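Examination of the molecular architecture
These are the residues of each chain, in order.
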Amino acid sequence: MLHPLRHLRDIASRVPRSRFEVLCRAFFGQFFSSETVTSDEQLQRAMAGVLAFLITPALLSPIQMAASFELAALRFPAMLEAMTRQMATVYITYSMVGVGVIAAVMWDTLSFDRRDAMVLGPLPLPASTVISAKITALAIFLLIVAFAVNVITAVPFSMVAGNHQAAVGVVRHFVAHMVATMSASVFVFCLLVTLRAIVGGLSGRHVAFASLLRFLLFSALLCFIVFLPMALQVEPGGRRRQASVQMMTIPGWSPTNWFLGLHEWIRGSPGAAWDAGARRAIAFTVTVTASAVLTTIAGYRRQLQIALAPSATDAVRRAPRLARAIARLATGRSRFARAVSDFILSTIARNSTQQATIAVNAAIGLTLIVASLLRSRGDLTQLLRPRTAVLWIPLVLIYWIAIGLRAAFFVPSELPAAWMFRCNAPLQTPAYWSATRASAIGFLLPLALFADALIGPLIGVRAAAWHAMIVVPVVVLLAETIALTVDFVPFTRPYEPGHAKLKTRWPFYLFGLFAFAIWPARAAMYAGGRPADIVAIAEWLWAVAVVLEIAGRLRGRTWRMDPAEEYKDESAIAVLNIGIVLPNEIRP
Amino acid sequence: MLAVRRLTKHYGALVAIHDVSFEARPGEVLGLLGPNGSGKSTTVKILTGLLRQTTGTVQLDGADAFADLEAYKRIIGYVPEEPYLYSYLTGPEYLRLVGRLRELPERALNDKIDRFLQLLGIYDDRHQTLSSYSKGMRQKILIAASVLHNPRIVVLDEPFSGLDVSAARVLKGFVRAIAAEGKIVIFSSHVLEVVEQVCSRVVILKDGRIVGHDSVASLRATLRLPSLDAVFASLVAEEKIEERTNGLLAAMKA
């Protein structure tokens, strides 16, 4: 009998028999290719990192939850059912968030784009073959990803939850878990495929939409990881304290409850609410799956239309005017610096790769904000007055966006096009530094002021306006710091994997969090809304900004457009000296 | 006058060009010819300052052109062989970026861009990103970008690639006209008919060395051949053409 793994390998390596199979493989390969990284090894490393990040909570949470579950089973046997449902809810949420994050990362490949239409349109291929190949590739990808994400939690869950039942109970828990979580995964994935096809076909803003989606889904994943230990907490009790079980609640409207209903229905739990939830889960999953198929079909036809006859409405949106206007103010009279800052802002506004880097870092900021806000344990009155957890909202968010912005500068955009700078621009000019600093201010300032405005309803418009006095110099400080730590025109150098050096540099990032978010927020608390104190703090911050500005101007003189990029190709030519002496006439 | 003296370029053990010398004079279009791998693009990249030679010099009016590389780049315009562009920018945005990097006055720059776009027939596509442009449209953008600053030296590497017939005719005239303005024009191409129409003199490269360097008429007269195509075939010794043609035909039918 053929080994199943060997059989799979044989299928993967054999020559495809039909056009459908060729296309299906090509579409499937798109999920694992990237134009940003320069080698397969880098891409594999990046993917392994993402998978490790996703799978780690799935591996660790059963261990943590199993201990709580067993303890509660001994002390509170009546709570077993409720705790089983709580665990199931956690894993359904994980399944939805995990698959959502993967789909958001793969956003560009979830539907057809103009390039697909341009390449495949002229070929003698029936549209049905192209579309069915794409749908099949998406389905295979979804099944692999969803199975990998869910089976890791299904096995320990069924062992733990079925521990106090017969073997049939274990199997039933396993089946219920897999069906519920796989359905939840299919629901989220198909929803994103539908959105991708609609947004890609109708709007020119799908890059910004993808970044927003990535930001939200990464935030959800990080929040899930942060709050996982709080999902089920058992207090063993003692002589003075009573034993207790604490479980986080999920709002009734959440789609998680539909899939929990499906889970409970398969487990055979009695109750009309579970049946209704199960019916909803099935109905919504089927509907969203059908809409994904239909929008994929429509998406191909739409992309063909766009490719063959570009419409005037498809014109590119202008780069953010406010950011550019602020950057222009910050560059002063140098038209050269203005040109470079416009280039930087346009690149960020129109490229999903750079935006993704910023979105992921912004998600870290949002997670920290949510975590600190939830420490008030639902007491909203605590948030309706100036306190560090509220005042730091714009600061922490903008700090992590700034970290993302700096990281995005290291991600190249259209690298071969960088010849244009080497050919048309001076090799060495402080204007590069000025442009980088100005574009950072232009990018960060509107976002910071928007985030500051968001805390207006909590602490009052007047207090938020005074807080802006501190937020603005902090933004300038961040921009100055970014410009001090970059010494090239952003996006024009090849990406060096691991340049962030998180393993060794995390203390710097932590220090930055204190310096740019926590300490300014505490200083604002200390000022207590007194205008004179706020102005004094702002003056100090501006003074530091001036020092950094002087340092930046001095360092800016050494900034240069690397003219030696061509030579790197030479160094890449390895010459192996094997000791053969060539005759003179054939020596180079 | 731009004078190339004994230019050699090594990529590790590989010799891309060896001992190449020629002159490009104001008012003439100098053609660079040669088969693939002959060293044309390397020569062009050295002339534009993108690549540094291993040995030899490039002199402008008798002085080392690369002594002040920035000053040299200010007077040079370049159309690269590959239309690498920031494809998420629109045509005018790209031209504005180049113009501003060259510090052209804003109003004049905008006027120039509008005029170039109109004259090159891509004004209606000004709101589209370069990713949606055809190869010919991208090539027009590259040509416009290369002459925005009214350069003294223009280096064109396969400039008419992808252009339609009428655009190519207009731009051939344009190349001759800018040479007539007293500028130095270096024109690298594989299309011999175009080189014959546009260039006053040609440099023919093979395996990184010059195998012919004269006016088209003199080369034809010296070698007693009827066309530049025949001169080129004779100098680069393209052998067994019929045999290879038949081989390709047989391979196609197999």
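Anyway, here's the lowdown on the structure attached to this text. (Residues numbered from 1 in each chain as written. Chains lettered and ligands numbered in written order. Predicted model: local features only at pLDDT ≥ 70, side-chain atom pairs only at ≥ 80, totals over all residues.)

**Focus: the overall build of chain A**
Summing up its helical and strand segments, chain A has 22 helices and two strands in all. The 588 residues of chain A split such that 44% are buried. Taking contacts inside chain A between residues at least 6 apart in sequence as the whole, the part at least 24 apart equals 84%. (Helix = DSSP H or I, 4+ residues; strand = E, 2+ residues; numbered from the N terminus. Buried ≥ 20, exposed ≤ 12 C-beta atoms within 10 Å, placed from the backbone. Contact = placed C-beta atoms within 7 Å.)

**Remarks on the overall build of chain B**
Of the regular secondary structure elements, chain B holds 10 helices and 10 strands. For chain B, whose C-alpha radius of gyration is 19 Å, the value lies close to the compact-globule estimate of 18 Å for 254 residues. Expressed along its principal axes, the backbone C-alpha trace of chain B runs to roughly 55 × 55 × 40 Å. For chain B, the residues scored as buried account for 45% of the 254 residues in total. The contacts of chain B with a sequence gap of at least 6 include a subset with a gap of at least 24, amounting to 68%. (Rg over C-alpha atoms; globule rule 2.2 N^0.38 Å.)

**Digging into the sheet that holds strand E3 (residues 29–33) of chain B**
Sheets are built from strands that pair by backbone hydrogen bonding, the pairs being arranged parallel or antiparallel. Residues and elements named next belong to chain B. Read across the sheet, six strands follow the order E6-E7-E8-E3-E9-E10 without closing on themselves; strand pairing throughout is mixed. The sheet is open, and its two edges are formed by strand E6 (76–79) and strand E10 (209–215), each paired on a single side. Ignoring which end each strand starts from, the neighbouring axes of this sheet average 15° apart. Lying over the sheet, helix H5 (residues 135–147) contacts E6 and strand E7 (153–157), oriented at roughly 170° with respect to E6. Contacts from helix H6 (residues 165–180) reach E3, E7 and strand E8 (184–188) within the one sheet, and its direction differs from that of E8 by about 150°. (Pairing = 2+ DSSP bridges. Axes fitted to C-alpha atoms, helices over the stretch in contact; angles between N-to-C directions.)

**Digging into the interface of chain A and chain B**
Of the residues lining the interface, 28 residues belong to chain A; the matching set on chain B comes to 32 residues. Per-element tally for the side of chain A that touches chain B: the top contributor is helix H12 (residues 335–350) of chain A, with eight residues. Of the residues assigned to the side of chain A that touches chain B, the class counts are 17 nonpolar, three polar and eight charged. (Nonpolar A, V, L, I, M, F, W, Y, C, P; charged D, E, K, R; others polar.)

**What about the pairing of E7 of chain B?**
All names here are of chain B. Within E7, five of the five residues are buried, which leaves it mostly tucked inside the rest of the structure. Judged by which residues are buried, E7 turns out to be covered on both faces: Ile153, Val155 and Asp157 on one side and Val154 and Leu156 on the other are all buried. Examined bridge by bridge, E6 and E7 share four bridges and lie parallel to one another. For Ile76, the partnering residue across the bridge sits in E7 and is Ile153. In this structure, E7 lies alongside E8, joined through five bridges in parallel fashion.

**Some details on helix H15 (residues 393–409) of chain A**
For the α-helix, the turn length of 3.6 residues means that residues three or four positions removed from each other point alike. Here H15 of chain A spans 24 Å end to end across 17 residues, near enough to the 24 Å set by a 1.5 Å rise per residue. Counting buried residues in H15 of chain A gives 16 out of 17 residues, a clear majority hidden from the surface. (Expected span 1.5 Å × (residues − 1).)

**Looking at the sheet that holds strand E1 (residues 2–11) of chain B**
Residues and elements named next belong to chain B. The strand order across the open sheet formed by four strands is E2-E1-E4-E5, and the pairing between neighbours is antiparallel. Of all strands in the sheet, those with a lone pairing partner are strand E2 (14–24) and strand E5 (63–64), marking the two edges. Where strand E4 (residues 55–60) and E5 come together, two bridges link them in antiparallel fashion. Paired with Gln59 across the strands is Asp64, a residue of E5.

**Digging into helix H17 (residues 431–454) of chain A**
Along its 24 residues, H17 of chain A runs 35 Å from first to last C-alpha, staying within 8% of the 34 Å computed at 1.5 Å per residue. Taking the largest bend as the criterion, H17 of chain A deviates by roughly 25°, centred on Leu444 of chain A, and proline Pro446 of chain A comes between one and four positions later. (Bend = angle between axes of the 7 residues up to and from the residue.)

**Notes on the packing of H15 of chain A against helix H19 (residues 461–484) of chain A**
All names here are of chain A. Closest axis-to-axis distance for the H15/H19 pair is 10 Å, and the angle between their directions is 20°. Considering the angle they form, H15 stands roughly parallel to H19. H15 and H19 meet at a crossing whose hand is right-handed. Contact residues: H15 offers Pro394, Leu395, Ile398, Tyr399, Ala402, Leu405 and Arg406, while H19 offers Val471, Val474, Val475, Leu478 and Ile482. Across the contact of H15 with H19, the residue classes tally to 11 nonpolar, no polar and one charged. (Parallel < 35°, antiparallel > 145°, perpendicular 65-115°, else oblique. Left-handed = near helix turned anticlockwise from the far one by under 90°.)

**A look at the pairing of E8 of chain B**
All names here are of chain B. Among the five residues of E8, five are classified as buried, and the element is accordingly described as predominantly covered. Pairing between E3 and E8: four bridges, direction parallel. Looking at E8, one finds that Leu32 is bridged to Ser188. Crossover E7 to E8 through H6 is right-handed. (Right-handed = clockwise from strand over helix to strand, strands pointing away.)

**Focus: unusual backbone geometry**
Residue and element names in this part refer to chain B. In this model, Arg6 sits at a positive phi of 50°, which is unusual for a non-glycine residue. For Arg6, the location among the structural elements is in strand E1. With 12 C-beta atoms packed within 10 Å, Arg6 lands in the exposed category. Residues other than glycine seldom take positive phi values, yet Asp61 does so here, at roughly 50°. Among the secondary structure elements, Asp61 is positioned in the loop between E4 and E5.

**A closer look at the nonpolar core**
Counting residues in each nonpolar core, the largest one holds 236 residues, and the members touching the most others are Ile398, Tyr399, Ile441, Leu444, Val475 and Leu478 of chain A together with Phe187 of chain B. In terms of residue count, helix H7 (residues 167–202) of chain A provides more of this core than any other element does, 16 residues in total. When sequence neighbours within four positions are dropped, the list of residues in contact with Val475 of chain A reads Ile398, Ile441, Leu444, Leu445 and Ala448 of chain A. (Core = buried A, V, L, I, M, F, W, Y, C linked by C-beta atoms within 7 Å.)

**Details of the packing of helix H11 (residues 321–331) of chain A against H17 of chain A**
Residue and element names in this part refer to chain A. At a minimum axis distance of 8 Å, the contact between H11 and H17 shows a crossing angle of 140°. As judged from the angle between their axes, H11 and H17 are oblique. The two elements H11 and H17 meet at a crossing, and its hand is right-handed. Contacts between H11 and H17 involve Leu322, Ala323, Arg324, Ile326, Ala327, Ala330 and Thr331 on the former and, on the latter, Ser434, Ala435, Arg437, Ala438, Ser439, Ile441, Gly442, Phe443, Leu445 and Pro446. Grouping the constituent residues of the contact of H11 with H17 by class yields 11 nonpolar, four polar and two charged.

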